Amino acid sequence: MARKTQQQPRFDTVLSTLGNHKFDVSAGANGAKRISKYGCAAEIRAAADGTAEITVRPGWLLKGDIARLVDKGYQKFLKAGHAEIPATADNLRDLHRFSEELKEAMGALVLYNEALGTTSDRYVYDRVLGRP
């Protein structure tokens, strides 16, 4: 059986697609573009081959910064700089929806565990904190 290969769209095509799907596109850091929708954001830029690549992973917008999702075992938190708030089910649902729509527009590979739900950026469990 032959393996199917998917052609990834060019960066300008991705930006056009995101704009057509009501994503807000603005200037980001280091020449990247900040993509936002549903209270979430990510940053993408043009790769060397002309396709789009994610430079800052999708996260919830917290005080203007893209917050990382931290799993502490008993609760997930959104952390940006020194600010940290508990993540609600609505936050996680919006973040998952945003990530899925962004990947679809970019023609990116969708992994099984990410398709099931939101994955955290860090896992910090109190019983294993400080242990090797």
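Residues numbered from 1 in each chain as written. Predicted model: local features only at pLDDT ≥ 70, side-chain atom pairs only at ≥ 80, totals over all residues. Heavy atoms only, no water.

S.K.: Give a detailed account of the overall build of the protein, specifying residues and quantitative values.
M.R.: Within the protein, the regular secondary structure consists of three helices and eight strands. Ordered by position from the N terminus, the helices and strands of the protein form the series α-β-β-β-β-β-β-β-α-α-β. Scored against the burial criterion, the 132 residues of the protein give a buried share of 33%. Look at the contacts in the protein between residues 6 or more apart in sequence, and 42% of them connect residues 24 or more apart. Here the protein has roughly 8,700 Å² of accessible surface; of this, 52% comes from carbon and sulfur atoms. (Helix = DSSP H or I, 4+ residues; strand = E, 2+ residues; numbered from the N terminus. Buried < 20%, exposed > 50% of the residue type's maximum accessible area, 1.4 Å probe, protein only. Contact = heavy atoms within 4.5 Å. Areas by Shrake-Rupley, 256 points an atom, 1.4 Å probe, with all protein chains shown as cover.)

S.K.: Lay out helix 1 (residues 11–20) in plain terms, naming residues and giving numbers.
M.R.: Residues of helix 1 that are buried: Phe11, Val14 and Leu18. Looking down the long axis of helix 1, one finds its buried residues gathered within 55° of arc, a one-sided arrangement. Those residues of helix 1 that are exposed and angled more than 90 degrees off the buried face are Asp12 and Asn20. The inward-facing, buried residues of helix 1 contact strand 2 (33–37), strand 3 (40–46), strand 4 (52–62) and helix 2 (89–106). One or two residues past the end of helix 1 sits Lys22, with phi positive at roughly 65°. (Arc of directions from axis to C-beta.)

S.K.: Go over the confidence of the model for the protein, please, and point to the residues and values.
M.R.: Averaged over the protein, the pLDDT score is 77; the fraction of residues at 70 or greater is 77%. The secondary-structure element of the protein with the lowest mean pLDDT is helix 3 (residues 112–116), recorded at 56, while strand 7 (residues 83–86) shows the highest, at 88. (pLDDT = per-residue confidence, 0-100.)

S.K.: Quick rundown of the nonpolar core? Include the residues and the values.
M.R.: Counting 22 residues, the largest nonpolar core has Leu18, Ile35, Ile44, Phe98 and Leu102 as the members making the most contacts within it. For this core, the elements supplying multiple residues, two or more each, are helix 1, strand 3, strand 4, strand 5 (65–71), strand 6 (76–80) and helix 2. The element best represented in this core is helix 2, accounting for five residues. Ignoring sequence-local partners within four residues, the contact set of Ile44 consists of Phe11, Val14, Leu15, Leu18, Ala32, Lys33, Ile35, Glu53, Ile54, Thr55 and Met106. (Core = buried A, V, L, I, M, F, W, Y, C linked by side-chain atoms within 4.5 Å.)

S.K.: Lay out the environment of Arg68 with the relevant residues and their values.
M.R.: Its place among the elements puts Arg68 in strand 5. Along the primary structure Arg68 and Gly81 are separated by 13 residues, whereas in three dimensions their C-alpha atoms are 9.3 Å apart. Side-chain polar atoms of Arg68 contact the backbone oxygen of Arg57, separated by 2.9 Å. (Polar contact = N/O pair within 3.5 Å; in protein donor to acceptor, adjacent residues only side chain to side chain.)

S.K.: Outline the pairing of strand 2, listing residues and values.
M.R.: Where strand 1 (residues 24–27) meets strand 2, four bridges bridge the pair, whose relative direction is antiparallel. By the bridge assignment for strand 2, Ser26 is matched with Arg34. Where strand 2 lies against strand 3, five bridges are found, and the strand directions are antiparallel. Bridge pairing in strand 3 links Arg34 to Glu43. Counting the residues in the hairpin turn of strand 2 and strand 3 gives two residues, including Tyr38, whose phi is positive at 60°. (Pairing = 2+ DSSP bridges.)

S.K.: Lay out the packing of helix 1 against helix 2 with the relevant residues and their values.
M.R.: Describing two packed helices takes the angle between their axes plus the distance from one axis to the other. Interaxial distance between helix 1 and helix 2 falls to 9 Å at its minimum, and their mutual angle equals 140°. The angle between helix 1 and helix 2 falls in the class oblique. Classified by chirality, the crossing of helix 2 by helix 1 is right-handed. On helix 2, the residues touching Val14, Thr17 and Leu18 of helix 1 are Leu102, Ala105 and Met106. Of the residues contributing to the contact of helix 1 with helix 2, the split by class is five nonpolar, one polar and no charged. (Axes fitted to C-alpha atoms, helices over the stretch in contact; angles between N-to-C directions. Parallel < 35°, antiparallel > 145°, perpendicular 65-115°, else oblique. Left-handed = near helix turned anticlockwise from the far one by under 90°. Nonpolar A, V, L, I, M, F, W, Y, C, P; charged D, E, K, R; others polar.)

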